[in-house]
Amino acid sequence: MPGLFPRRSNLFGTVVVAASLGAVGFASIGLGAVVVGETRRVDLGQKAAPGIDSIKSQYKRPATIPFPKENPYTPEKAALGKKLYFDTRLSVSMAQSCASCHSPGFGWGDGLAVGVGHGMAKLGRHSPTIVNAAWGAIFMWDGRLATLEEQALGPIEAAGEMNMPLDKLMDRLASINEYKPLFAAAFPGEGMNAKTLAKAIATYERTVVSERAPFDAWIEGNEKAISEEAKRGFAVFNGKAMCSACHEGWNFTNDGFQDIGLPSKDIGRGEFVPGVVKMQHAFKTPGLREIERRSPYMHDGSLDTLEAVVEHYDHGGIDRPSRSDLMKPLGLSAQEKADLVAFMKTLTSNLSPTAVPVIPR
Amino acid sequence: MHKTITFALVILTGLSAGALAANQMVYQKGRVFSSESVSIKKGDALTFVNDDSIPHNLMSATKGSEFNLGSQAPGTSTDVTFKEAGDIQVICAIHPRMKMMVKVTD
Ligand SMILES: [Cu+2]
């Protein structure tokens, strides 16, 4: 960082920054209602690196699941949502359910590089896990949906995925006698419609939470819960490798969008923020809970193992204007790489089996 | 004009932090804006300081007041002047939880 703006050429440095912003096509230097001025260095003072206890305190599991005010939890909603989640009749072919691509058997993903949609056609991106979706700030790899309720309907309607128009779906569900009392119990007075369908599925999804893993026991003070190798890996994760700059907190994500330099043509978030350079090729940072069960990895499923993922970050990926400033060669040793992988494996819980519900007829 | 002179003087005397005193400051430490909402007078500037440990990318998509700071490195600050009255939402393109409102009054 020092040397970014040489001491004697503050003004010159800022002019360069302003000019490069102009190229973005958004910043209005001297035009329009907003004027972006100079960027200067500021002295933030020397900060001591936080100690291990302070770092560990940022990874404590939350005690409760957050449910939104607009769609509070009820057991009736969650039970109905679970039946809908596993019901293949939500797809036009009657062959695919939400669980087809987000299966409890594969860490709530599908174990494939990229998802498979209508007609078994391959989709463009890896099916993300739904584990800990209750804590999500924004949804889909490219952040195009704002809430889990919207997310629940997205793949149902998408022509390439379940290909099921919502009005047609509601007609189909209305013809299934056993759904009526379930909707009536979950949504008194609201009826069966796309809105209540989305609310039920989202409520069920919010109950899918990664269970306690060895890592959690260590965070809570049991020094024997994870290996020394994994503890060193945690230090690398938060230190030299800076993984925690994006994979932060107990669910190991801040839901931010970053171009991590994968060689893919997909512009991801860039489609929705065309004027912002750093959003081109940027995808949402996934959480890392149950990561060992979620291979292959990355938005395009292009890396098969955690070892390959660590190699990618160590290398830094493709250097292009959109690449995150946090991506750069790390110079990790073989030991540090192995330690990182050992650490990530402590995030695997003993997920108890999920019983497939009896589907209404 | 007055501001420009103040700014130049401060650069000359090397008090870059002091120069910002005239503007209201917005900080970003911990991936959170220091204020959810800030009121300023038309024509005044806010100083957005990245006092966090990672880059942010502040921008607004509010119609007529669009701007984009691009990747703002830790340890830098940028002044943004708002010349039209209205409510302008400022977000970080990278971090979806970072949202604030700038209320520009006549
Ligand atoms: Cu940010």
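Everything numeric in this text was worked out from a predicted model, so none of it was measured.

K.L.:
Where do I start with the overall build of chain A in this structure?
P.N.:
Tallying secondary structure elements over chain A gives twelve helices and three strands in all. Taken over C-alpha atoms, the radius of gyration comes to 23 Å for chain A, in line with the 21 Å a tight globule of 361 residues would show. Each of the three principal axes of chain A carries a C-alpha extent, and together these read 75 × 60 × 40 Å. Across the 361 residues that make up chain A, the buried fraction comes to 51%.

K.L.:
Any chance you could explain the state of the cysteines here in plain terms?
P.N.:
Every disulfide links exactly two cysteines, by a covalent bond between their sulfur atoms. Residue and element names in this part refer to chain A. Counting across every chain of the model gives zero disulfides over all chains. With no disulfide of its own, Cys101 lies closest to Cys98 among cysteine sulfurs, the gap being 9.1 Å. For Cys101, a relative accessible area of 15% corresponds to the buried category. Free of any disulfide, Cys243 has its nearest neighbouring cysteine sulfur in Cys246, separated by 9.1 Å.

K.L.:
Hey, could you run me through helix α3 (residues 75-85) of chain A in this one?
P.N.:
Structurally, the α-helix is built with 3.6 residues per turn, so residues lying three or four positions apart point the same way. The complete set of buried residues in α3(A) reads A:Lys77, A:Ala78, A:Leu80, A:Gly81, A:Lys83, A:Leu84 and A:Tyr85. Buried residues along α3(A) sit in contact with α4 (98-101), α6 (166-174), α7 (179-186) and α8 (194-206) of chain A.

K.L.:
Quick question: what am I supposed to make of the nonpolar core here?
P.N.:
Within soluble globular proteins, side chains that are nonpolar tend to cluster in buried spots. All names here are of chain A. Membership of the largest hydrophobic core comes to 31 residues, with the highest contact counts inside it found for Tyr59, Phe215, Phe252 and Phe343. Put simply, the parts of the chain that give this core at least two residues each are α9 (214-219), α10 (228-238), α11 (306-315) and α12 (334-345). Examining the composition of this core, we find that five residues originate from one element, α12, more than from any other. Excluding anything up to four places from it in sequence, Phe215 contacts Tyr59, Ile226, Phe234, Phe252, Arg289, Phe343, Thr346 and Leu347.

K.L.:
I would appreciate a short explanation of the side chain of A:His281 in the present structure.
P.N.:
Residue and element names in this part refer to chain A. Within the secondary structure, His281 is located in the loop between β2 (257-258) and β3 (283-284). The class of His281 is buried, set by a relative accessible area of 18%. Within the structure, the side chain of His281 is placed 3.2 Å from the backbone oxygen of Asp266, a separation counted as a polar contact. The contact partners of His281, leaving out residues within four places of it in the chain, are Gln258, Asp259, Ser264, Lys265, Asp266, Ile267, Arg320 and Ser322.

K.L.:
Is there a simple way to think about the domain arrangement of chain A in this case?
P.N.:
Many analyses report the size of an interface as the accessible area lost when the parts associate. All names here are of chain A. Partitioning chain A into domains gives domain 1 (1-40), domain 2 (52-62 + 212-345) and domain 3 (75-206). For domain 2 and domain 3, the distance between their C-alpha centroids amounts to 28 Å. Both sides together, the interface formed by domain 2 and domain 3 hides about 1800 Å², and carbon and sulfur atoms give 57% of it. Joining domain 2 to domain 3, the criterion identifies one salt bridge. In this structure, Arg125 and Asp266 form a salt bridge, with 2.7 Å as the shortest nitrogen-oxygen distance.

K.L.:
For this particular structure, what's the right way to read the interface of chain A and chain B?
P.N.:
With 41 residues of chain A at the interface, the matching set in chain B holds 40 residues. Taken together, the connections running from chain A to chain B amount to three salt bridges. Measuring nitrogen to oxygen at the nearest pair gives 3.4 Å for the salt bridge that ties B:Arg97 to A:Asp255. If you list the elements that add at least two residues to the side of chain A that touches chain B, you get α1 (10-24), β1 (34-41) and β2 of chain A. Looking at the side of chain A that touches chain B element by element, the count peaks at eight residues for β1(A). Tallied by class, the residues present in the side of chain A that touches chain B amount to 23 nonpolar, ten polar and eight charged. Note that β1(A) and strand β6 (residues 76-82) of chain B share six bridges and pair antiparallel. Along β6(B), the bridge assignment pairs A:Val36 with B:Val80.

K.L.:
Explain the sheet that holds strand β8 (residues 99-105) of chain B here, please?
P.N.:
In a beta sheet, neighbouring strands pair by backbone hydrogen bonds and run either parallel or antiparallel. Residues and elements named next belong to chain B. Across the sheet, five strands lie side by side as β2-β8-β7-β4-β5; this open sheet has mixed pairing. Both edges of this open sheet fall to β2 (37-41) and β5 (67-68), since each of them pairs with a single strand only. Bridge count between β2 and β8: five bridges; the pairing is parallel. Counted as the bridge partner of Ser39 is Lys103 from β8.

K.L.:
Just to check I follow, could you spell out the packing of helix α5 (residues 148-157) of chain A against α8(A) for this structure?
P.N.:
Geometry of a packed helix pair, given as the angle between the helix axes and the separation of the axes. Residue and element names in this part refer to chain A. The interhelical angle for the contact between α5 and α8, taken along N-to-C directions, is 110°, at an axis separation of 8 Å. With respect to their mutual orientation, α5 and α8 come out roughly perpendicular. Residues Leu148, Glu149, Gln151, Ala152, Leu153 and Ile156 of α5 lie in contact with α8, whose contacting residues are Ala194, Leu197, Ala198, Lys199, Ile201, Ala202, Glu205 and Arg206. A per-class count over the contact of α5 with α8 returns nine nonpolar, one polar and four charged.

Conventions we followed
Residues numbered from 1 in each chain as written. Chains lettered and ligands numbered in written order. Predicted model: local features only at pLDDT ≥ 70, side-chain atom pairs only at ≥ 80, totals over all residues. Heavy atoms only, no water. Helix = DSSP H or I, 4+ residues; strand = E, 2+ residues; numbered from the N terminus. Rg over C-alpha atoms; globule rule 2.2 N^0.38 Å. Buried < 20%, exposed > 50% of the residue type's maximum accessible area, 1.4 Å probe, protein only. Disulfide = S-S within 2.5 Å. Contact = heavy atoms within 4.5 Å. Core = buried A, V, L, I, M, F, W, Y, C linked by side-chain atoms within 4.5 Å. Polar contact = N/O pair within 3.5 Å; in protein donor to acceptor, adjacent residues only side chain to side chain. Domains from an automatic or database assignment. Buried area = accessible area lost by both parts, 1.4 Å probe. Salt bridge = Lys/Arg side-chain N within 4 Å of Asp/Glu carboxyl O. Nonpolar A, V, L, I, M, F, W, Y, C, P; charged D, E, K, R; others polar. Pairing = 2+ DSSP bridges. Axes fitted to C-alpha atoms, helices over the stretch in contact; angles between N-to-C directions. Parallel < 35°, antiparallel > 145°, perpendicular 65-115°, else oblique.

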